[in-house]
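# Fold and contact review
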Amino acid sequence: MSHARWARALPFLAVLGSVTALGLGTSLAKQHLFPQVGALGTTALRVGFSALLVVLMWRPWRRALRPGDGWAVLRYGVALGFMNLLFYQALQTIPFGIAVAIEFSGPLAVAMAGSRRAVDLLWLALAITGLALLLPLKQGVDVATLDPVGVAYALAAAACWGSYIVFGKRLSHLHAGHSVSLGLSVAALSVMPFGVAHAGASLLSPQVLMWGLVVAAISSAIPITLEMVALKRLPPSAFGIMISMEPAVAALLGMLILHEQLDARQWLAIGSIMAAAAGSSLTVRPAPTDADASQVVT
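Just so we're clear, the structure is a prediction, and the values are computed from it rather than from any experiment.

With that settled, consider the overall build of the chain. Tallying secondary structure elements over the chain gives 11 helices and zero strands in all. From first element to last, N terminus to C terminus, the chain shows the α and β order α-α-α-α-α-α-α-α-α-α-α. Burial status across the chain gives 56% buried among its 298 residues.

This is the structure:
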């Protein structure tokens, strides 16, 4: 009986562990790397070390690509790289949990784009309500109004996340480890020049390199492993519902580690976007694809 309970609990624990590890890695990056090398330098370290770790884990050279896969991998990787770069830029001026919630509008838009169900209007309304509560649409409302530049970066990251999912679907015939390792390699080549131009020799500081490796391991290697455990045991709809807790976990970690306090309106907005993500996963996500791995590199 205990073995059966453990088998039922394992996928949930794996998703929770993945989301927590991803949020912890991002929180540590903002706390320890942003002050030393900025958002661009942090992106270069995180994506660069993540690519190295995942390539060593999956050894993509062992599998061949089909004709046309190279162009698909290029688009997939560039979208992944700039999703990370723009998200880290957003984190400079807006709270972690809010940035994640806004970024969720990207995959939500992809999930709803091809839908014709009436029920999906409910998820769309919830997502729009959440974004309306977060976006700085009025000037001088209160001190909780978000920085427009940070919000713009988060929305741009959302667009990249949506593009990443679309391009990832075109690589669904590849093993997830193969596509993710190749994509991260392209992503690293795409964003590292920005980090080097911004931070220069500071990136080679032993302390900075150590934190970069720690952040990459926590943010990529651990979540990828745990999510693959979950995806083997869950239908995609259930996985999508569970992964929708990411904004709340990010907000809690931002509060505990980064001391970012959110007001009731912002928590309500995060809850609305989480409900929209969970609902759309339940009703409109069509089939499992390797794009599910996009959650691990936000």
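A few words on empty space enclosed by the protein. This structure, assessed with the given rule, holds two cavities of 30 Å³ or more. Volume-wise, the second largest cavity comes out at about 50 Å³. Lining the second largest cavity are 11 residues, and of these L22, G23, F96, V100 and E246 lie nearest its centre. The set of elements that each furnish at least two residues to the lining of the second largest cavity consists of α1 (2-58), α3 (96-103) and α10 (246-257). Looking at the lining of the second largest cavity element by element, the count peaks at four residues for α1. When grouped by side-chain class, the residues that make up the lining of the second largest cavity number seven nonpolar, three polar and one charged.

What follows covers the side chain of S280. Relative to the elements of secondary structure, S280 occurs in helix α11 (residues 264-283). One polar contact links the side chain of S280 to the main-chain carbonyl oxygen of A277, over a distance of 3.0 Å.

Geometrically, a pair of aromatic rings is defined through the distance of the ring centres and the angle of the planes. Counted under the stated rule, the structure contains six aromatic pairs. For the pair F87 and F96, a centre-to-centre distance of 6.3 Å together with 65° between the ring planes defines the contact as edge-to-face. Given a relative accessible area of 1%, F87 falls into the buried group. On the accessibility criterion, F96 (4% relative accessible area) is buried. On the basis of an interplanar angle of 85° and a centroid distance of 5.3 Å, the ring pair of F104 and W161 is categorised as edge-to-face. Linking F104 in the loop between α3 and α4 (105-113) with W161 in helix α6 (residues 148-169), this pair joins segments that are 57 residues apart in sequence. In this structure F104 comes out as buried when scored by relative accessible area, which is 4%.

What follows covers the pattern of salt bridges. A complete count under the given rule lists two salt bridges for this structure. The partner of E260 in a salt bridge is K30, and the shortest N-O contact between them spans 2.6 Å. Remark: K30 occurs in helix α1 and E260 occurs in the loop between α10 and α11; sequence separation between them is 230 residues. Judged by relative accessible area, which is 12%, E260 ranks as buried.

Attention shifts here to the side chain of R46. Topologically, R46 is positioned in helix α1. A polar atom in the side chain of R46 sits 3.5 Å from the side chain of N84.

Bringing helix α2 (residues 69-91) into the picture now. Helical periodicity: at 3.6 residues per turn, an α-helix aligns residues three or four positions apart in one direction. Spanning 23 residues, α2 covers 33 Å between terminal C-alpha atoms, matching the ideal 33 Å at 1.5 Å per step. Taken across its 23 residues, α2 has 17 buried, putting it largely inside the fold.

This part covers unusual backbone geometry. Phi angles above zero are rare outside glycine, and R59 is one such case at about 45°. The residue R59 is located in the loop between α1 and α2 in this model. Phi at H259 is positive, roughly 60°, even though this residue is not glycine. Looking at the secondary structure, you find H259 in the loop between α10 and α11.

All right, on to the confidence of the model for the chain then. Of all residues in the chain, 89% have pLDDT values of 70 or greater, and the mean over the chain is 85. Mean pLDDT values for the elements of the chain range from 76 in helix α9 (residues 236-243) up to 95 in α2. In this model, residues 139-143 is a region of pLDDT below 50 whose contacts with residues beyond four sequence positions or in other chains number one contact. Predicted confidence for residues 287-298 stays below pLDDT 50, and this span has 51 contacts to residues more than four positions away or in other chains.

The rules behind these values
- Residues numbered from 1 in each chain as written.
- Predicted model: local features only at pLDDT ≥ 70, side-chain atom pairs only at ≥ 80, totals over all residues.
- Heavy atoms only, no water.
- Helix = DSSP H or I, 4+ residues; strand = E, 2+ residues; numbered from the N terminus.
- Buried < 20%, exposed > 50% of the residue type's maximum accessible area, 1.4 Å probe, protein only.
- 1 Å grid on protein atoms, 1.4 Å probe; cavity = no way out; pocket = protein on both sides within 12 Å on 5 of 7 lines; lining within 4 Å.
- Points joined across faces, edges and corners; volume = space filled by probe spheres on them.
- Nonpolar A, V, L, I, M, F, W, Y, C, P; charged D, E, K, R; others polar.
- Polar contact = N/O pair within 3.5 Å; in protein donor to acceptor, adjacent residues only side chain to side chain.
- Phe/Tyr/Trp six-rings, centres within 6.5 Å; stacked < 30°, edge-to-face > 60°.
- Salt bridge = Lys/Arg side-chain N within 4 Å of Asp/Glu carboxyl O.
- Expected span 1.5 Å × (residues − 1).
- pLDDT = per-residue confidence, 0-100.
- Contact = heavy atoms within 4.5 Å.

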